[in-house]
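Understanding the architecture of this molecule
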Amino acid sequence: MIDSIIQWFEKLPGIADMLLHNGLDQTLIIFFLTLVFGLTLGLVLALGRMTRFKIIQLPVRFYLLIMRGTPLILQLYGFYFGLNLLLGIRIERTMAAVVAFSLNYAAYFAEIYRSGIQAIPNGQYEAAKVLGFSKAQTFFKIILPQVVKIILPPMGSECMTLVKDTSLAHVIGVMEIYVVAANNMSRSRGMEYLIVAGIFYLIMNMIVSKVFGILEKRMSYYR
Amino acid sequence: MSVLSVTNLQKNFGKLKVLKDISFQINDGEIVTIIGSSGSGKSTLLRCMNQLEKVTKGTIEINGHTLVSMNGDTPEYASKEVQKKILMETGFVFQNFNLFPHYSVLRNVMEAPVQVAGIPKEEAREKAFGLLRKLGLEEKADAYPCELSGGQSQRVSIARALALEPKILFFDEPTSALDPELTGEVLKVIKSLADLNMTMVIVTHEMAFAKEISDRVIFMDQGVIVEDAAPEDVFNSANERTREFLGKYHDIA
Amino acid sequence: MRVKKLLVLCVSAVLAGSMLLAGCSKKEESKTDESLQYVKDNKELILGLDASFPPMGFTDKDQKIVGFDIDMAKEVTKRMGIKLKLQPINWDSKDQELQGKTIDCIWNGLTYSEDRAKEMLCSESYMDNHQVMLVPEKSKIKSLKDIKKQQVGVQKGSTAADAVDKTEELKNAKIVYFGNNVEILNDLGNGCDAAVMDEVVAKYYAKKDPGKFKILNDNLSTEKYVIGFRTGDEKLKTEVENQLKDMKKDGTLAKISKKWFGEDLTTIK
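Everything numeric in this text was worked out from a predicted model, so none of it was measured.

How each quantity is defined
Residues numbered from 1 in each chain as written. Chains lettered and ligands numbered in written order. Predicted model: local features only at pLDDT ≥ 70, side-chain atom pairs only at ≥ 80, totals over all residues. Heavy atoms only, no water. Helix = DSSP H or I, 4+ residues; strand = E, 2+ residues; numbered from the N terminus. Buried < 20%, exposed > 50% of the residue type's maximum accessible area, 1.4 Å probe, protein only. Contact = heavy atoms within 4.5 Å. Areas by Shrake-Rupley, 256 points an atom, 1.4 Å probe, with all protein chains shown as cover. Rg over C-alpha atoms; globule rule 2.2 N^0.38 Å. UniProt positions renumbered as here; feature names shortened; annotations may be inferred. Buried area = accessible area lost by both parts, 1.4 Å probe. Salt bridge = Lys/Arg side-chain N within 4 Å of Asp/Glu carboxyl O. Polar contact = N/O pair within 3.5 Å; in protein donor to acceptor, adjacent residues only side chain to side chain. Nonpolar A, V, L, I, M, F, W, Y, C, P; charged D, E, K, R; others polar.

Counting secondary structure elements, chain A contains nine helices and zero strands. Going from N to C terminus, chain A has its helices and strands arranged as α-α-α-α-α-α-α-α-α. Taken along its principal axes, the extent of the C-alpha atoms in chain A is 75 × 50 × 25 Å. Counting only residues that meet the buried cut, chain A has 51% of its 223 residues in that class. At a minimum sequence separation of 6, the contacts of chain A that also span at least 24 residues come to 77%. Of the roughly 10,400 Å² that chain A leaves accessible, carbon and sulfur atoms contribute 70%.

Right, dumping it as structure tokens:
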């Protein structure tokens, strides 16, 4: 009994090494590129959502509804198969996943930005105005830095969800760590591949959590 | 010489008429306090002059620039450039300070000169230090607004308003958000500015202070100017409304 | 103001894109069959598989995709003078992958069914596929007749599930649907009393864990393994079939079959 448990544990480092070389790169590419594109697009969407101009605000609201109101897994299908079959646009699998993830997460990020921007007291805008700051200067110098502090906790939470959601990319044939582990399980019949994959997600999220902890600490110099 | 002139100013919030036909002038170096009960429109008047509210009707001229004038029946505002120029030539001190919480005291003071006026950082830093020294805040230069007392915060916001070297300084109830024991230090600072011949427009509830510092006192009630005269004339006025209002304050005899 | 302009630009781009999406319909495919020329021009045949179906096509310990189907396809493409590219896909979207030309064929223990023949072009069968029943080694179930109200596990959407539906002896049984065969086997003996799956797969797992379960003798149904091509790709299909016939004649196919099954199970004539 003890022997078989030890044997089982001895398999784990080998599996971890295998996953490091197979699948992890795809998972990380999707995660980091989604962060870069999603955070940028999210800010634009947040501004569009808050503008008084209905011609911009309404389409943005519609976009946010669709992106947050339909399953990410269907959006992945849409971006890979839909674009290909409807328009003949063939995107590389991983890039299609990055596009779908970015468009989806941008919607969530936009609402987080919005909650942060709306939490800034009006007096901050007025103080900037009477000092002669332009609208852009007010936003980027005065408002956004304060918004960042407010939205760090929900952003951290959303990033942890993103880490786990990357596993959905397998539905369009991206060989990320979940599907690599599952394919190996089909051969070996053992659960250990999935367990190690689970540990990978956990470690990645421990890092995400740590990074956001550091950022929050850095922003704690003021209240 | 008039540095500020307001003519036939009206401001409505929806159906509510907050300012009804306000006209007055302020000369260079003059210190004018505006008194009146809450809701009399005195804060709104100040905010109209500082572009925080758009006027419904009327003309405002500041430092020789026309901020807004009437074109037939509609108000016409000056170009963005002129608006910015006027903002840079005036300073505004808020009741609630509205300091930028993510910047240090020094950066709060030097940010507008650097970002808006384009003054080199080193020069702006030197100047900001100088202002803080004058206001007794030298050792707070690296502190953040959350570490300051109310009186210190208001002094920093005065320093911030002074950093652009304005020709006119506006105060919107500068001591109303402060504990009574902290108002003294702020009033002292404002008095020290008076000695420098700064033109100031002060909305306040501190009657003794108004009486002492002002060259002129404007009493507003229900959106109109009831009195605009020397302090001794206003505080000894025979006008019914003025006497009723002043009667609520015990600190003046 | 600049921010607003940028916004207007972005939004109009999105709008224009979606209008384009709605307005365009699927391009008419040309009627002439250029399927063989297509793979020859590409110098490769893209084989779609889900890489988790031992022993037909699966991921080995070195993370290479191997299997009986893979060895066959390698030999076929070698003889055609083109490369074989293995593309792991999600099994649920195999039709879309084919239509979208992101793969050229499905060759991964694909069982023939009439429904499938509507979605894709199926080759002649290369091997029989029996749906068999697996029970735990010590189970009292000796044949299909012993199943009363016990739980029977099958993979959802598989032809095994179809076979279970059509088997009279199982009409009182409680059918439990799983995502894949490994899940069924993990459950077998704990929750499920029996499982139904492809014979080759059952044999593979039975060999892997000797003494754990046994395969009953009676088949539920006999089906055929085929290769799936895009509808209309007749020329490519015929070429692959001809290559397989040649391989049968010269004994190559038998050799590959023996490597994976210990005997020649192929049915190509």
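For the rest of this paragraph, the subject is the overall build of chain B. When helices and strands are tallied, chain B shows nine helices and 11 strands. By the compact-globule yardstick of 18 Å for 253 residues, chain B fits well, its C-alpha radius of gyration being 18 Å. By its C-alpha atoms, chain B is 50 × 45 × 35 Å across when sized along the principal axes. Each of the 253 residues in chain B was classed as buried or not, and the buried ones make up 56%. Counting contacts in chain B only where the partners sit at least 6 residues apart, residues at least 24 apart contribute 63% of the total. Total accessible area computed for chain B in this model is approximately 11,100 Å², and 46% of it derives from carbon and sulfur atoms.

Before going further, it helps to examine the UniProt feature "domain: ABC transmembrane type-1" (unreviewed entry) in chain A. On the UniProt side, "domain: ABC transmembrane type-1" (unreviewed entry) is annotated at positions that read residues 24–212 of chain A here. End C-alpha atoms of residues 24–212 of chain A are separated by 22 Å, and the span's content is 84% helix alongside 0% strand.

What follows is about the interface of chain A and chain B. At the junction of the two partners, chain A supplies 18 residues and chain B supplies 23 residues. Summed over both partners, the interface of chain A with chain B buries about 2,100 Å², with 63% contributed by carbon and sulfur atoms. At the boundary of chain A and chain B, one finds one salt bridge. For Arg47 of chain B, the salt bridge goes to Glu126 of chain A, with nearest N and O atoms at 2.5 Å. Viewed at the interface, chain B and chain A are joined by eight residue pairs in polar contact (both at pLDDT 80 or more). At seven residues, helix 6 (residues 122–130) of chain A tops the list of elements feeding residues into the side of chain A that touches chain B. The residue inventory of the side of chain A that touches chain B, partitioned by class, reads nine nonpolar, five polar and four charged.

Our next topic: the interface of chain A and chain C. Interface size is commonly expressed as the accessible surface area that is lost when the partners come together. Facing the 35 residues of chain A at the interface are 44 residues of chain C. When the two sides are added together, the surface that chain A and chain C hide from each other amounts to roughly 3,200 Å², 61% of it contributed by carbon and sulfur. Three residues stand out in chain A for area buried against chain C, namely Leu85, Arg187 and Arg189 of chain A, and they jointly supply 25% of the buried area on that side. Where chain A meets chain C, there are one salt bridge.

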